[in-house]
Amino acid sequence: MRVAENLLGLIGRTPMVTLNRINPVKGVRLLAKLEYFNPGGSVKDRIGIAMVEAAERAGKLKPGDWIVEPTSGNTGVGLCIAAILKGYRVVFTMPDKVSPEKIDLLKAYGAEVVVCPTAVAPEDPESYYSVAKKIAQERPAFLPNQYENSANTEAHYRATGPEIWEQTDGKLEAFIAGVGTGGTISGIGRFLKEKNAQIKIIGADPEGSMIYTEFYKLPRNVHTYLIEGIGEDIIPGTLDFKVIDEIVRVYDKESYAMARELAQKEAILTGSSGGAALVAALRCAEKIRRGTLVVLIPDTGRQYLSKVYSERWLRENGLV
Ligand SMILES: Cc1ncc(COP(=O)(O)O)c(C=O)c1O
């Protein structure tokens, strides 16, 4: 067995598994890329170190500096791992809709966390985007800004995409993932399209987010929703619509239900964004009827025990 120098050496090369029980379409081989096998528990470990090393190369980050980021949690963990092992301090701003476990998790890594209201416009001075910018002006700090940082998309173009290509021997009809910053789908999508332009790249977007309406040039209808980690009220620079064939609109209720079904049928625990991606993947399976689909499961359900896996919370939020 290989021994890693430190935790950074264990990021990536995540496993893929066949979903036999949850997929009703016999002609479709549905594969899940399990990103919770990353050492911080999510796909965002990949971009934490990628953005930090890109900043070091550009001279934007000096030893002892602060790293400041608005994040719904997972990117925070990825940045913590990189920061701890490379000697930086971290402060995060988060919207108040995220699960308490996610906030405690970042504090466990020694990070400072500022919780901000969810229901304000991004340009509002109280929003978690604005508060992060303000903090970055007050300290010797680097703001990775995963929404505009090309190292985000690049990390997936260089590693996650090639892993998927290799694990399937290049034999796949479609790749499906939730869209937040769009780094995951855009980087993987670009790589797979360069290998084979026929591969369909499909994004899942929560109803209430503006990605679906922007993609199809429909009237904007933005409101809050309960799915965590995906969907946007801005169009991030890291999102490349050119490599995306289709955006599937997904709803809170079906996404939460799908995450729970995945746990019970396949023993795979994920959050509402993993559930959302799977809803989109199963819709795609119904449509294509045969071939191989790869769906990306971004993180683990262990950090949503008080939401996705709480009967009471689901009932209180009208999700059952
Ligand atoms: C839980 C979860 N799923 C999916 C995503 C989407 O990934 P990306 O930002 O690369 O589009 C995120 C992004 O923050 C996330 O936190």
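Preceding block: the structure.
Anyway, here's the lowdown on the structure attached to this text.

**A few points about helix α4 (residues 128-138)**
Phase 1 of the analysis: Buried within α4 we find Tyr-128, Tyr-129, Val-131, Ala-132 and Ile-135. Down the axis of α4, the smallest arc covering the buried residues is 165°, so these residues share one side. Exposed side of α4, more than 90 degrees from the buried face: Lys-134 and Gln-137 are the residues found there.
Phase 2 of the analysis: Tucked into the core, α4 has its buried residues touching β3 (66-70), β4 (89-95), β5 (112-116) and β6 (141-142).

**Structural notes on the sheet that holds strand β7 (residues 174-178)**
What holds strands together in a sheet is hydrogen bonding between their backbones, with the strands either parallel or antiparallel.
Phase 1 of the analysis: With respect to topology, six strands assemble into an open sheet ordered β1-β2-β10-β7-β8-β9, the strand pairing being mixed. The outermost strands of the open sheet, each flanked by one partner alone, are β1 (16-18) and β9 (246-250). Between one strand axis and the next, the sheet turns through 25° on average, direction left out of account.
Phase 2 of the analysis: In terms of strand pairing, β7 meets strand β8 (residues 200-206) through five bridges, oriented parallel.

**Regarding the site of the ligand**
Phase 1 of the analysis: Near the ligand you find 17 residues, and of these Gly-180, Thr-181, Thr-184, Gly-229 and Ser-273 are the closest.
Phase 2 of the analysis: Put simply, the parts of the chain that give the shell around the ligand at least two residues each are α2 (74-86) and α6 (183-195).
Phase 3 of the analysis: With three residues, α6 is the single largest residue contributor to the shell around the ligand.
Phase 4 of the analysis: In terms of residue class, the shell around the ligand is built from four nonpolar, 12 polar and one charged.
Phase 5 of the analysis: For the shell around the ligand, the two domains that each supply at least three residues are domain 1 (7-37 + 159-316) and domain 2 (45-142).

**Concerning the sheet that holds β6**
Phase 1 of the analysis: Ordered by their spatial adjacency, four strands build an open sheet running β5-β4-β3-β6, and the pairing between neighbours is parallel. The strands lining the two open edges of the sheet, one partner per strand, are β5 and β6.
Phase 2 of the analysis: Sheet strands touched by helix α3 (residues 100-108): β4 and β5. Its angle to β5, the strand with the most contacts, is close to 155°.

**As for the nonpolar core**
Phase 1 of the analysis: Counting 59 residues, the largest nonpolar core has Phe-175, Ile-176, Ala-277, Ala-280, Ala-281, Leu-293 and Val-295 as its most contacted members.
Phase 2 of the analysis: Looking at this core element by element, the count peaks at nine residues for helix α9 (residues 272-288).
Phase 3 of the analysis: Dropping the residues within four chain positions of it, Ala-280 is found in contact with Ile-176, Ile-202, Ala-204, Val-248 and Val-250.
Phase 4 of the analysis: Among the nonpolar cores identified, the runner-up in size contains 34 residues, and Ala-50, Leu-79, Ala-82 and Val-91 belong to it.

What counts as what
Residues numbered from 1 in each chain as written. Predicted model: local features only at pLDDT ≥ 70, side-chain atom pairs only at ≥ 80, totals over all residues. Buried ≥ 20, exposed ≤ 12 C-beta atoms within 10 Å, placed from the backbone. Helix = DSSP H or I, 4+ residues; strand = E, 2+ residues; numbered from the N terminus. Arc of directions from axis to C-beta. Contact = placed C-beta atoms within 7 Å. Pairing = 2+ DSSP bridges. Axes fitted to C-alpha atoms, helices over the stretch in contact; angles between N-to-C directions. Near = placed C-beta within 6 Å. Nonpolar A, V, L, I, M, F, W, Y, C, P; charged D, E, K, R; others polar. Domains from an automatic or database assignment. Core = buried A, V, L, I, M, F, W, Y, C linked by C-beta atoms within 7 Å.

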